[in-house]
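Fold and contact review
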Amino acid sequence: MTDFDYDLFVIGAGSGGVRAARMAAMRGARVAIAEEYRVGGTCVIRGCVPKKFLVYAAAYGKAFKEAEGYGWSVGDVSHDWSKLTSNLHDEVDRLSGIYWKNLSNSGVEIFQDRAELEDRHTVRLVNGGKTITAKYILVAVGGSPASLEIEGAELATSSNEVFLLKSRPQKVVIAGGGYIACEFAQVFAGLGSDVCQIYRGDTVLRGFDDDIRAHIHGELKRSGVRVMTHANIVRIEDTFNGQRRVFTDTGEELEADVVIQAVGRDAHTKGLGLDKAGVETSDNGAIIVDRFSRTNIDNIYAVGDVTNRINLTPVAIREGAAFAATVFGDEPTAFDHADVASAVFTQPPVGVVGLTEHEARKTFGDVDIYKATFKPMKNALSGSESRMLVKLVVKQDDQRVVGVHMAGDDSPEIIQAVGIAVKAGLTKAQFDATCAVHPTVAEELVTLKEKWTPPEIS
């Protein structure tokens, strides 16, 4: 490996790239990493972490109201957006510093610069004008927000910039129906903004189980979000008084302080030089890899959202670790992308693992469904009308639980443990044999006895 400047050069210092770089260095490899923005990547800097702080902030507003049912007199309540975002950025800075320190302590050389491929073994640091060679190159640049292809799209804000708003907007229009759109809709509604969410489909959260989709759609409306379906934004105009005018294909016009684009994310590969190295990509720009995260060029690998497999931070981390074990540990390792649990931090939040009912029927044919919708015990006194949904999808022939879908408080925490059971291939009988913890919402997972049957159509 001495013919190259480094054994490994990593492009992108997000969760996947950092894990791969550290583990390769700890195995004795000479490693360098380049990051064009800030070490920590999307999750730490402008994604999961700061977003969840906003979710927590919005949830406190709801909790103050609900506390009255439990005898608390809260009094006048106000919210300081500047204090929230200041504290949020302080924590983000701290976490980014930890990522930097961990890389340095592992012996990884860090370049705060944009790196682009020149050929299969060479990268160029754009700002520094330096050319570096490496035996192996790992691309871990993640994704970036997609943009509306409409007139005035530049007047909208992406999910990246939401955390940089100087004040809380009073009127918010959100384009999109995915998890990012739904999360931000309820964040701003919970903080007191008037929110309208515009989505081209019939129900939000495409790709999730249909019962989850319908449930969250209802909860969005319950939380005060106006959800416009079968609609698209066709133009955005600057009113020159600090607001935006939003035009829809339904003919309706809306005024907004901020328009948020949450219409998906694309692999961040534009201008990366993949063509110079001969790396193949899909039509949407994602890098094509095999089960070991190797591209068609045998010394170039890619992990995380840039590959568009499962775009989740923990998946990127596991892919990065598998890459390091494969290439520098002589331990061929492929991460198993089946039955990965995930969460949506709406209010109430969602936790899912395994197949949706539709996917299970398509894959296996006959399935059994067990589900319940109920008012959680906490809401009996709080006055909240929010409901909990619990659903099990069971493969009929061997009674293996192949999907669990939950919506309600603590669902993301619960689904982590349930994910172990689904990954292990446990059956409905084994779920039933597990004693309930009472009183909890999670006990429904082991007490559901009656198969659900669709209502007869008269």
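Here is a short report on the structure shown in this document.

Cut-offs applied
Residues numbered from 1 in each chain as written. Predicted model: local features only at pLDDT ≥ 70, side-chain atom pairs only at ≥ 80, totals over all residues. Heavy atoms only, no water. Helix = DSSP H or I, 4+ residues; strand = E, 2+ residues; numbered from the N terminus. Rg over C-alpha atoms; globule rule 2.2 N^0.38 Å. Buried < 20%, exposed > 50% of the residue type's maximum accessible area, 1.4 Å probe, protein only. Contact = heavy atoms within 4.5 Å. Areas by Shrake-Rupley, 256 points an atom, 1.4 Å probe, with all protein chains shown as cover. Lys, Arg positive; Asp, Glu negative; His and termini not counted. Charge placed at Lys NZ, Arg CZ, Asp CG, Glu CD. Patch = residues over 30% accessible without salt bridge, like charges linked within 9 Å, V, L, I, M, F, W, Y side chains within 5 Å. Salt bridge = Lys/Arg side-chain N within 4 Å of Asp/Glu carboxyl O. Pairing = 2+ DSSP bridges. Axes fitted to C-alpha atoms, helices over the stretch in contact; angles between N-to-C directions. Left-handed = near helix turned anticlockwise from the far one by under 90°. Nonpolar A, V, L, I, M, F, W, Y, C, P; charged D, E, K, R; others polar.

**Brief notes about the overall build of the protein**
- In terms of helices and strands, the protein carries 13 helices and 22 strands.
- The C-alpha atoms of the protein give 24 Å as radius of gyration, which agrees with the globular expectation for 458 residues (23 Å, within 12%).
- The principal-axis extent of the C-alpha atoms belonging to the protein is close to 70 × 65 × 45 Å.
- Counting only residues that meet the buried cut, the protein has 51% of its 458 residues in that class.
- Within the protein, residue pairs in contact and separated by at least 24 positions form 61% of the contacts whose partners lie at least 6 positions apart.
- With the model as given, the accessible surface of the protein reaches about 21,700 Å², and the carbon-plus-sulfur share is 49%.
- The centroid of the 50 positive side-chain charges in the protein is displaced by 2 Å from the centroid of its 62 negative side-chain charges.

**Structural notes on a nonpolar patch on the surface**
- Together, Y56, Y60, F64, Y70, W72, V74, V77 and L381 line one region of the surface with nonpolar side chains, adding up to about 870 Å² of accessible area.
- Among the elements that make up the nonpolar patch, the one with the highest residue count is helix α3 (residues 48–66) (three residues).
- Within the secondary structure, Y70 sits in the loop between α3 and α4 (81–105).
- On the accessibility criterion, Y70 (41% relative accessible area) is partly exposed.

**Topic: the pairing of strand β14 (residues 253–256)**
- Only one face of β14 is buried, namely the one carrying L254 and A256, since none of E253 and E255 on the opposite face is buried.
- Strand direction decides the pairing type here: strand β13 (residues 244–248) and β14, joined by four bridges, are antiparallel. Within β14, the residue paired with F247 across the bridge is E253.

**What to know about unusual backbone geometry**
- The step from Q347 to P348 runs through a cis peptide bond, and the omega angle for that step is 10°.
- Secondary-structure assignment places P348 in the loop between β18 (342–344) and β19 (350–354).
- A cis amide bond, omega -5°, links H438 with the succeeding residue P439.
- On the secondary structure map, P439 appears in the loop between α12 (428–432) and α13 (444–447).

**Things to note about the sheet that holds β13**
- Judged by pairing direction, the sheet is antiparallel, and its three strands sit side by side in the order β12-β13-β14 without closing on themselves. Taken across any chain shown, the strands that pair with only one partner, and hence form the sheet edges, are β12 (233–238) and β14. Adjacent strand axes in the sheet meet at a mean angle of 25°, parallel and antiparallel pairs treated alike.

**Comments concerning the packing of α3 against α4**
- For the pair α3 and α4, the least separation of the axes is 10 Å and the interaxial angle reads 145°. Remark: the crossing between α3 and α4 carries right-handed chirality. Packed against α3, whose contacting residues are V49, P50, F53, L54 and A57, the element α4 presents W81, L84, L88, E91, V92 and L95 at the interface.
- Looking at side-chain class alone, the contact of α3 with α4 contains 10 nonpolar, no polar and one charged residues.

Shape descriptors only; they carry no functional weight alone.
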